[in-house]
Amino acid sequence: MAVAATLLPVLLLFPVYLLPFVTQANQLTVDCSFGEPDLASNLTILNMAVAVTLLPVLLLFPVYLWPFVTQANHLTVDCSFGKAEDLASNLTMSAMVTGRLAASKYQSHLCVVKTSGSSHQKRFLQVKAKIVNSESNGFLHASVYGTDKPQLLGNLDVWKSKGDWSSLIICPSRDHNNKDQEKHLVLSGTPNLAFRVQVESSVVKIVLNKPLTFDLGPYESFKVFQFIPTEDISDMQLDVTVTSESDDVPAYLKVSRDCKDVNENIDVVDYKGESIRLSFAKKGRITLSRVSIPPLTDSTSSWFIGIAIKNATGETPDKATKTVTLTLKRSFNYSYVWPIFLLVALSVGCGAVVACCGIRCFSISQEGRMEECCKVVWSWFKRGPKTYSYITGVAGFVLMIGAGQFVFANWHLMIQEGDKDTCYYNDFCYRVSKYGDIPFNLMISNLAYMIHGLILAISVMYMEAKLFSRQTDPPKHAFSMGYAFAWALFFEGCFSLVYHLCPTKLTFQFDTGFMFVIAGLIVVLLYNGIEMKENSGERGFVDAANFFLYFLVPLYIFNYFGTLSHSKTELVNAPAFFTFVVIWWIFITFWTGWKLFPDFSSISYIRENLGKCLCFFLGFVLPFFSCGFFSSNIPIAFLFTCIAEGIIAIIGTLWCNRKKIKWAKSKCALCFQVAYIALMVILWFVAGWIFFKKATTDKTFTPEKSRDYNQECIILNFFDYHDLWHILSSHALLMSAYFVMFASHKED
């Protein structure tokens, strides 16, 4: 048709082309003194004829080149039972053949599939098959073998119950030298079964920033795509993102350099370090970077991306369908200066302001000489008891060793296997470090706790120096618990940093370890007071050894077994576990009551301490309500119980000792104290709201359900909502420390 459309103007305008030769036989010459004669008539007609002739040639030039283009990539299918029908299109080479299996079940049909061309390395071979007569009983088995390397490339089973196309995908060849590829398609099954087979050779690729939407279903439960990167692809992190509205149908996302690993083993993890896999429901993301395994390099070698419906537990319906959108996007450029600078500057600057305001509002004494601050550093080990501080430090360092080893082993296993379901990350805000594939942003945000712990230790040392500069031996105040609170805040940052290396149900106990210490120190500090007391008599203050031995050690043990129970390891006997917990709590309650009420037999004493009795009763029954409410998550029940016990202790102390607490005498200073407390409470409410309402993961759910909570970064394309929780809660804890020390100091 293209040739005909081109030749038609030539035939019609053939006399016009002969016009110059005809006019040349009869020639007229006119020479004038005033100008040249007009010869445009014949030439104009000739120029128009040439233009009309060339116009179809120019318009149909791509059509002329099409045979040469299609000749570069060609697909032929020769079968022993019939001729294939060519269905080739611009982007896909396709052929279809219809036939019937042999009458004997011992005979099979063979098709030789040949692909030729320079781009066969980028082309997938897809074999689709179906039974023509859906009412016929039987099955069709199709197998594809390679001829260059005699091996099975894939097989496909089709049976009556499906009644639609079933497909098999064969990955592109890695042989870059041989431009001609030959494969054998063997068909067998029920004798005399009518079938139809379609073979396609196409480039199934995805490019950056162009979403691709497709459907997964019972007849095509997985898809494989190819991504050919540019040479500068490693300058930024590469995010492979999948989204879907079908949250009730889980699926796998797998990225690998090896197409076979994605195509045939999408539900399998191994230790080869060539792939990364995760499961998702509504959304999921795999981040490739310079330090990921496999790493993102400047090589232009292909990456293969596979998505398949997940049915590992057998609970996914056979007819489940899922619409998925796949997007590739470059995200983070490995710029760490501004995020870290902002975090450190905010933590140090705001922490210093909080320390100054806390000391100004709640300092035990406003007297003292500043020059004594240097002397207390040299006499720190001699001035007052530091038992709580020492034991807190020992417990922190000892527990840190075991926690670090356990979490690192989990993370290393996850990296080597490539199984992102092991750790519960916010994959939509995953920023690696320069030295390893770790959630650097989620870990570094815990630096706020450490900085504020050091600021609190320095400010406690300052308050201690002020008091000791005007006091004679023996000192009247002990700051051991103030230092212990500072080290607990510091170690909370350390343990949270370790936990967020690989957050799981089992490692959550390390994240809460020093939250228990902080909550316990609040209760004990409010009871003991900051005054130096001689621990004489039966019912003196709570000693550090008693606090750690009888309260924290059993709590750690029960929290560990509760974590095992929550992880469904079936290693914990629930009735026996709760029995021991109840016995321990009754013992702690009796011990606390014996400390709080030395003259409980007197009716008048009970009336005078009615508020204390009410707080004691609330503290006793609270664990039973929390464990009943969080019965499926014992670690969370323990954590919330300890936090609630600390709140009850603070409120009870403020109410029962409202006449003994040294509030400011001037109205201006009193308003400053009230404003400080109000800001502290507001900060806690905001941090709590972010923790509960803006959660980015949930370890009580499966990994795919937890990823539904993943959210993009909100600050400098680096920090997410959980990082913001770390920063705000750290400031709130620092403010609370000064207030608790102030509330523990009672005026005689």
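Residues numbered from 1 in each chain as written. Predicted model: local features only at pLDDT ≥ 70, side-chain atom pairs only at ≥ 80, totals over all residues. Heavy atoms only, no water.

If you look the chain up in an unreviewed UniProt entry, it shows as SID1 transmembrane family member 1 from Pocillopora damicornis. Under the Sequence similarities (unreviewed entry) heading, UniProt states for the chain: "Belongs to the SID1 family." The chain has a UniProt comment under Subcellular location (unreviewed entry) that states "Membrane". (UniProt positions renumbered as here; feature names shortened; annotations may be inferred.)

Caption draft 1: Geometry of the sheet that holds strand β12 (residues 222–227). What the four strands build is an open sheet, ordered β12-β17-β14-β15; its pairing is antiparallel. Strand pairing shows two members of the sheet lacking a second neighbour, β12 and β15 (275–280), which therefore form its edges. With strand direction ignored, the average angle separating the axes of adjacent strands in the sheet is 15 degrees. Alignment of strand β14 (residues 251–256) against β15, held across six bridges, turns out to be antiparallel. Directly across from V255, in β15, lies its bridge partner I276. (Pairing = 2+ DSSP bridges. Helix = DSSP H or I, 4+ residues; strand = E, 2+ residues; numbered from the N terminus. Axes fitted to C-alpha atoms, helices over the stretch in contact; angles between N-to-C directions.)

Caption draft 2: Structural context of a negative patch on the surface. On the surface, E231, D232, D235 and D298 cluster together to form a negatively charged patch. Take D235: it is sitting in the loop between β12 and β13 (238–244). The exposure class of D235 is partly exposed, given its relative accessible area of 37%. (Patch = residues over 30% accessible without salt bridge, like charges linked within 9 Å, V, L, I, M, F, W, Y side chains within 5 Å. Areas by Shrake-Rupley, 256 points an atom, 1.4 Å probe, with all protein chains shown as cover. Salt bridge = Lys/Arg side-chain N within 4 Å of Asp/Glu carboxyl O. Lys, Arg positive; Asp, Glu negative; His and termini not counted. Charge placed at Lys NZ, Arg CZ, Asp CG, Glu CD. Buried < 20%, exposed > 50% of the residue type's maximum accessible area, 1.4 Å probe, protein only.)

Caption draft 3: Structural context of the packing of helix α6 (residues 337–362) against helix α20 (residues 721–744). Close contact between α6 and α20 brings their axes to 10 Å; oriented N to C, the two are set at 15 degrees. Looking at the two axes, α6 sits roughly parallel to α20. Both α6 and α20 take part in a crossing whose hand is right-handed. Counted together, L343, L346, S347, C350, G351, V354, A355, G358, I359 and F362 of α6 and I727, H731, L734, M735, Y738, F739 and F742 of α20 form the full contact between these two elements. (Parallel < 35°, antiparallel > 145°, perpendicular 65-115°, else oblique. Left-handed = near helix turned anticlockwise from the far one by under 90°. Contact = heavy atoms within 4.5 Å.)

Caption draft 4: Looking closely at the pattern of salt bridges. Overall, the coordinates contain nine salt bridges when judged by the stated rule. Residue D419 is joined to R277 by a salt bridge in which the shortest nitrogen-to-oxygen separation is 3.2 Å. Here the residue D419 occupies a position in the loop between α8 (387–417) and α9 (440–444), and R277 occupies one in strand β15, the gap between them amounting to 142 residues. For the pair shown, D419 and R277 are each scored as buried. The residue R707 makes a salt bridge to D427 at a minimum N-O spacing of 2.8 Å. Residue R707 is located in the loop between α19 (703–706) and α20, and its partner D427 is located in the loop between α8 and α9; the two are separated by 280 residues in the primary sequence. Each of R277, D419, D421, D427 and R707 takes part in salt bridges that share partners, so that together they form one network.

Caption draft 5: Quick peek at unusual backbone geometry. For the bond from I293 to P294, the omega torsion is 5 degrees, close enough to zero to count as cis. Tracing the backbone shows P294 in the loop between β16 (283–288) and β17 (303–309). The residue Y334 is not glycine, and still its phi comes out positive at about 60 degrees. The residue Y334 is located in the loop between β18 (322–330) and α6 in this model.

Caption draft 6: How the structure looks around the state of the cysteines. In the structure shown here, the tally under the stated rule is four disulfides. For C171, the disulfide goes to C259, at an S-S distance of 2.0 Å. As the torsion about the S-S bond is roughly -80 degrees, the C171-C259 disulfide counts as left-handed. Of the two residues, C171 sits in the loop between β8 (166–170) and β9 (180–189) while C259 sits in helix α5 (residues 259–264), which places them 88 residues apart along the sequence. Looking at C171, the relative accessible area reads 18%, which means it is buried. A sulfur-sulfur distance of 1.9 Å marks the disulfide that ties C429 to C713. (Disulfide = S-S within 2.5 Å.)

Caption draft 7: Quick peek at the confidence of the model for the chain. A residue-level look at the chain finds 79% of positions with pLDDT of 70 or above and a mean pLDDT of 82. Residue range residues 39–43 is modelled with pLDDT below 50. Its contacts to residues more than four positions away, or to other chains, number two contacts. When the criterion is pLDDT under 50, residues 65–71 qualifies, and its contacts beyond four places in sequence or with other chains add up to one contact. (pLDDT = per-residue confidence, 0-100.)

Caption draft 8: Looking closely at the environment of M461. Mapping M461 onto the fold places it in helix α10 (residues 447–468). For M461 and F479, which are 18 residues apart along the polypeptide, the C-alpha to C-alpha distance reads 8.3 Å.

Caption draft 9: The packing of aromatic side chains, seen in detail. Enumeration according to the criterion identifies 36 aromatic pairs in this entry. With a centroid separation of 5.0 Å and 50 degrees between ring planes, the pair formed by F214 and F225 is classed as tilted. With F214 in strand β11 (residues 212–216) and F225 in strand β12, the pair connects residues that are 11 residues apart, well separated along the chain. The same class applies to F214 and to F225, which are both buried. Consider the rings of F691 and F692, whose centres lie 5.2 Å apart with planes at 90 degrees: the pair is edge-to-face. Residue F691 is classed as partly exposed on the basis of its relative accessible area, which comes to 32%. Three or more aromatic residues joined by ring pairs make a cluster, and in this case those are Y388, F547, F548, F551, F558, F577, F578, W584 and W585. Directly above the aromatic system of F428 lies the positively charged group of K283, at a separation of 5.1 Å from the ring centroid. One Lys or Arg, R285, reaches over the ring of F428 and ends 4.2 Å from the middle of that ring. (Phe/Tyr/Trp six-rings, centres within 6.5 Å; stacked < 30°, edge-to-face > 60°. Lys NZ or Arg CZ within 6 Å of the ring centre and 35° of its normal.)

Caption draft 10: Spotlight on the nonpolar core. Judged by nonpolar contacts, the single largest core of 105 residues is most densely connected at Y388, L456, L521, F547, F638 and Y738. If we ignore the near neighbours within four places in the chain, the residues touching L456 are G482, F485, A486, L734, A737, Y738 and M741. One finds C111, V127, I131 and F195 within the second-largest nonpolar core, a separate group that totals 28 residues. (Core = buried A, V, L, I, M, F, W, Y, C linked by side-chain atoms within 4.5 Å.)

Caption draft 11: View of the pairing of β15. Taking burial as the measure, the six residues of β15 include six buried ones, the bulk of the element. Taking every second residue as pointing to the same face, both faces of β15 are buried, with S275, R277 and S279 on one and I276, L278 and F280 on the other.

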